[in-house]
Amino acid sequence: MDFSYIIRMMQNNLDIVLICGAVMVLLLVVLLIITIINAVQLSKLKKKYQLFMSGKNAKSLEENVAQHLNQIDGLESLSKQNQSDIAKLTNQIQFAFQKVGLVKYDAFQEMGGKLSFSLCLLNEKEDGFIINAMHSREGCYTYIKEVIAGKCVIILSEEEKKALDMAMSYKL
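In this text the structure is predicted, and so the values were computed from the model without any measurement. (Residues numbered from 1 in each chain as written. Predicted model: local features only at pLDDT ≥ 70, side-chain atom pairs only at ≥ 80, totals over all residues. Heavy atoms only, no water.)

In a beta sheet, neighbouring strands are held together by backbone hydrogen bonds and run either parallel or antiparallel to one another. Pairing is antiparallel in the open sheet, where four strands are placed in the order 1-2-3-4. Two strands close off the open sheet at either side, each with one partner strand: strand 1 (99-105) and strand 4 (140-147). On average, adjacent strands in this sheet sit at an angle of 10° to one another, irrespective of strand direction. In the sheet, strand 3 (residues 128-135) pairs with strand 4 via eight bridges, with the strands oriented antiparallel. In the sheet register, I131 faces strand 4, and the bridge partner there is I144. (Pairing = 2+ DSSP bridges. Helix = DSSP H or I, 4+ residues; strand = E, 2+ residues; numbered from the N terminus. Axes fitted to C-alpha atoms, helices over the stretch in contact; angles between N-to-C directions.)

This is the structure we're talking about:
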């Protein structure tokens, strides 16, 4: 029998065994790293779970979740009501007086103190009115003039024009 052939065969098998052993050691190291990573993540998860469950049993936890769901339902209905209210207010505000112009003046030369005034009130569409109050020794005379789209069909005094311009230039 030829022993050299057997020795060569044993060397080839030994090389295969060494390569397989190296691969297995490498796989063992990778598995060890994965195990350590999983252990760290599991530890973090246990801490979060213990914090979540501290002082609570399953029944109180279920009640807590049910309470939060009821609160969410209440908030949804309240949100819908708020949206409806905001839509109503937005619709109504266009008719509310938002722009103001006020000019105080002396209507007559002999009167002082600027007791007369022109007050202009306009809504979003620049519709509204001008009130002119003229103060004299005999009394106070009040006039009102309608404004539509920023214009008045009746001739305006200088003070009324200033009040109208002031109201129309009012920034919202």
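Moving on: a nonpolar patch on the surface. Together, V25, V29, I33 and I37 line one region of the surface with nonpolar side chains, adding up to about 340 Å² of accessible area. Positionally, V29 belongs in helix 1 (residues 3-53). (Patch = residues over 30% accessible without salt bridge, like charges linked within 9 Å, V, L, I, M, F, W, Y side chains within 5 Å. Areas by Shrake-Rupley, 256 points an atom, 1.4 Å probe, with all protein chains shown as cover. Salt bridge = Lys/Arg side-chain N within 4 Å of Asp/Glu carboxyl O.)

You can see Y170 is positioned in the segment after helix 3 (158-168). A relative accessible area of 41% places Y170 in the partly exposed class. For Y170 and V100, which are 70 residues apart along the polypeptide, the C-alpha to C-alpha distance reads 6.9 Å. If we skip the residues at most four places from it in the chain, Y170 touches Q98, K99 and V100. (Buried < 20%, exposed > 50% of the residue type's maximum accessible area, 1.4 Å probe, protein only. Contact = heavy atoms within 4.5 Å.)

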